[in-house]
Amino acid sequence: MELNKIKNLALSETGFLFDPATGNTFTLNESAVFILKALKNGMQQREIADSLTSEFEVTATQANEDVSDALLQLREAGLVSAGAK
Amino acid sequence: MTKTTVCVTGLNAADSPAPGLAVLRSLHESGLGYRHIGISYGVLDAGNYMSGLVSACYLTPYPNTGPDALLSRIAEINKTEKIDVILPTLDSELDNYIKIEAELRYLGIKLLLPLKDSLALRDKPTLAEKIPTDIIKTPDTVRISDVSALRDAADKLGFPLLVKGQYYEAYAAYSPEEAVGWFYKLASQWGVPVIAQNMIAGEEMNVAGLAKRGKLYGAVAMKKLFLTDKGKAWSGVTIRNEKILEMTRRLIQFLNWDGGFELEFIVENKTQEIYLIEMNPRFPAWIYLATAAGINMPAMHVRLALGEHVEPKTEYEVGKVFIRHARDEIVPMAAMESLSTTGMIAHAAPSSPNPFSQREKGRPKTPLPLGEGQGVRVARASVFAQG
C-alpha cells in the first residue's frame, strides 16, 4: 500500500476528497469515507472489513465485497497504487 | 522619500488575458508601496482604465516596430515618470527589451530579463532538441517548413499529432488532411517553422516560477480545472507534485534562467511519465493564484531587479482555487480620448486599497488637455480613426 500517497489525500468529513499531487477532486459516500480513513490509518483490507461489520449493519461477506469494491475504485482513480490490497 | 516606480506591460484582458493585471494585482497587495505605471499597446486594453491598479498608463509602439522605437518611447515616458523597474509580461516584447537593456540601465531603469541565449534555448523546437532527457522529457517534436516535411513528420509521429505555431496556438490533427489545414493556418499567422509534436494523452499541470542566474526563487504548481476553447486555464487549483517541482529546478538551472516563467507539463495517462510541453518566458496570466497561495513572485521579481536580497520561497498553500471571470468596465469617453490623443492617461490616487472589491471608486480624473499632454501622440492609438 502506498501509505504516503494516501496520507497526503485531503479528506473532509463531508466526503469531499482532494488529491494535492494531481489537483483531482472526488465525492465519497459514507462507507467510502470510512474505508479511506481506515487506509490512512494504515489498516489492512481484512481489518477494515471487520470494522465495517461492527460500525454498520452489514454481514462479513458484504463488508469484504464493499472494501474490495472501494479499493478497486480508489485504484482506478489513481488514489492508491495498483498493487494495493 | 520618492516611491519606487514600477512599470508593467501586458494590460490586455480579453478571453486569453495577458499577465499584466495579475502582476499588478500581486504588486498592489505586496505592501511594498510601489507606484505602478502601465504600458499598453491598445486604447481598448482594459488595464489602462483600472485606476486602483495603475497611477498612469502609456501607449507604446507594437513590438514589431523594433527596439529603437521602444527605447525612444520609454525615454520619453521616463522624463515624467522616473521609472525604476520595468516588468515585461509578454513573450513578443522580450527580444526588444533584451536589446535595449543597457540603454535602459543608463536611464536608471532596471530589469530582470533572461539572457539572449537562454531565451533562444527555451524556444519550442530548440528545447526539445537540446535539453538532455535526464533533465526533462519532451514529446517528439519536428520543425516543419513545408507540406512535404509535414508528411514525413506525420509518418514519424503518427496520428493524432499536434500542429503548433512557433509563438502561439496549437491544434490536434487526426488525419493528414487536417494536419495540412492547420499547417497553412499557422504558417500564415505566425510564419514558419510550424511545429509538429507527438500528442500525449494525459493531464496538464503548469508551474509558474521565478529565477535569477539559474537559481529558483519561487515556484507554484497548478492543475487546470476548466479550459477555454483556446486551451487557456479559466479555473485551476494549486497542487504539490515534487517530481514536477524538481524537474523545474533542474531545467531552470540548465537554462541559467533569469526572470519569471511558466512551464507546461503533461502527465501521460498510460505511463504516468511527465513531459514538458513548452516553456513561456514570462509569468502566466494566473500568477495571482501563486500570490494568493503564499508566494508573491511579481514582488520578488521587482526586488531582485532592484538588486535587493530575496530569500527563495518554496512553501505555498496547496488546494487554493482560482476561477477567472470577465466583467464590463465602464469607461468615460474622456479617458479614451486622453489615451487616443496624447498616448497616456493619468489616474487619481486610488481611494480603495482593493480595486477588485470596490471598482466604483477611483475613476480616472479629467484627462490632460489636447496637445498639452505628457505623453506623445501615437497615430495608431486613435479609436476615432477606425471609421
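### So, the overall build of chain A
- When helices and strands are counted, chain A shows four helices and three strands.
- Tracing chain A from N to C terminus, the helices and strands come up as α-β-β-β-α-α-α.
- Taken against the 2.2 N^0.38 rule, which gives 12 Å for 85 residues, the C-alpha radius of gyration of chain A at 12 Å falls within 12% of a compact globule.
- Seen through its C-alpha atoms, chain A measures out along the principal axes to roughly 35 × 30 × 20 Å.
- In chain A, which comprises 85 residues, the share counted as buried stands at 24%.

### Looking at unusual backbone geometry
All names here are of chain B.
- Cis geometry marks the peptide bond from phenylalanine 159 to proline 160, where omega comes out at 0°.
- Relative to the elements of secondary structure, proline 160 occurs in the loop between α6 (147-157) and β6 (161-164).
- The residue after valine 192, namely proline 193, is reached through a cis peptide bond having omega 5°.
- Relative to the elements of secondary structure, proline 193 occurs in the loop between α7 (176-190) and β8 (194-198).
- Even without being glycine, lysine 82 reaches a positive phi, approximately 50°.
- Tracing the chain through its elements places lysine 82 in the loop between α2 (67-81) and β4 (85-87).
- Positive phi is not limited to glycine here, since asparagine 256 has a value of about 55°.

### Considering the pairing of strand β9 (residues 202-212) of chain B
Residue and element names in this part refer to chain B.
- Where β9 meets strand β12 (residues 259-268), 10 bridges bridge the pair, whose relative direction is antiparallel. Paired with glycine 209 across the strands is phenylalanine 261, a residue of β12.
- Note that β9 and strand β10 (residues 215-227) share eight bridges and pair antiparallel. Looking at β10, one finds that lysine 212 is bridged to lysine 215.
- In this antiparallel pair of consecutive strands, β9 and β10, the connection spans two residues, and arginine 213 shows a positive phi of 45°.

### A look at the packing of α6(B) against α7(B)
Residues and elements named next belong to chain B.
- Closest axis-to-axis distance for the α6/α7 pair is 10 Å, and the angle between their directions is 135°. Considered as vectors, α6 and α7 are oriented oblique to each other. With respect to the hand of their crossing, α6 and α7 are arranged in right-handed fashion. Mapping the contact onto sequence places Val147, Leu150, Arg151 and Ala154 in α6 and Pro176, Ala179, Val180 and Phe183 in α7.
- Taken together, the residues of the contact of α6 with α7 sort by class into seven nonpolar, no polar and one charged.

### A few points about the packing of α2(B) against helix α3 (residues 94-106) of chain B
Residues and elements named next belong to chain B.
- The contact between α2 and α3 brings their axes to 9 Å, and the two run at 45°. As summarised for this structure, α2 and α3 are arranged oblique, according to the angle between their axes. For α2 against α3, the interelement crossing comes out right-handed. Two secondary-structure elements touch here, α2 through Pro67, Leu70, Leu71 and Ile74 and α3 through Asn96, Lys99, Ile100, Glu103 and Leu104.

### Some remarks on the interface of chain B and chain A
- Across the contact, nine residues belong to chain B and six residues belong to chain A.
- For the side of chain B that touches chain A, the elements supplying multiple residues, two or more each, are β10 and β11 (233-239) of chain B.
- Of the residues assigned to the side of chain B that touches chain A, the class counts are four nonpolar, two polar and three charged.

### What about the sheet that holds β4(B)?
All names here are of chain B.
- Sheet architecture is open: five strands sit in the order β4-β1-β2-β3-β15, paired in mixed fashion. Sheet topology places β4 and β15 (344-346) at the edges, where each strand pairs with a single neighbour. Put simply, the sheet's adjacent strands are angled 20° from each other on average, direction ignored.
- Relative to strand β2 (residues 35-40), strand β1 (residues 5-9) runs parallel, the two sharing five bridges. Counterpart to valine 8 in the pairing with β2 is glycine 38.
- Where helix α11 (residues 333-342) meets the sheet, its contacts fall on β3 (56-59) and β15, and the angle it forms with β15 comes to roughly 140°.

### A short note on the domain arrangement of chain B
- Each domain of chain B was delimited in the assignment, giving domain 1 (5-111 + 330-386), domain 2 (140-198) and domain 3 (202-323).
- The straight-line distance from the C-alpha centre of domain 2 of chain B to that of domain 3 of chain B is 27 Å.

### With respect to the pairing of strand β13 (residues 274-280) of chain B
All names here are of chain B.
- For β13, the tally of buried residues reaches five of seven residues, placing the bulk of the element in the interior.
- The pairing of β12 with β13 spans six bridges and is antiparallel. From the neighbouring strand, valine 267 faces β13, where its bridge partner is isoleucine 274.

### Focus on the sheet that holds strand β1 (residues 10-11) of chain A
Residue and element names in this part refer to chain A.
- With respect to topology, three strands assemble into an open sheet ordered β1-β2-β3, the strand pairing being antiparallel. Edge positions in the sheet fall to β1 and β3 (25-27), since each has one partner strand and no second.
- The sheet contact formed by strand β2 (residues 16-18) and β3 spans three bridges and is antiparallel. Within the sheet, the bridge partner assigned to phenylalanine 18 lies in β3 and is threonine 25.

Rules behind the numbers
Residues numbered from 1 in each chain as written. Chains lettered and ligands numbered in written order. Predicted model: local features only at pLDDT ≥ 70, side-chain atom pairs only at ≥ 80, totals over all residues. Helix = DSSP H or I, 4+ residues; strand = E, 2+ residues; numbered from the N terminus. Rg over C-alpha atoms; globule rule 2.2 N^0.38 Å. Buried ≥ 20, exposed ≤ 12 C-beta atoms within 10 Å, placed from the backbone. Pairing = 2+ DSSP bridges. Axes fitted to C-alpha atoms, helices over the stretch in contact; angles between N-to-C directions. Parallel < 35°, antiparallel > 145°, perpendicular 65-115°, else oblique. Left-handed = near helix turned anticlockwise from the far one by under 90°. Contact = placed C-beta atoms within 7 Å. Nonpolar A, V, L, I, M, F, W, Y, C, P; charged D, E, K, R; others polar. Domains from an automatic or database assignment.

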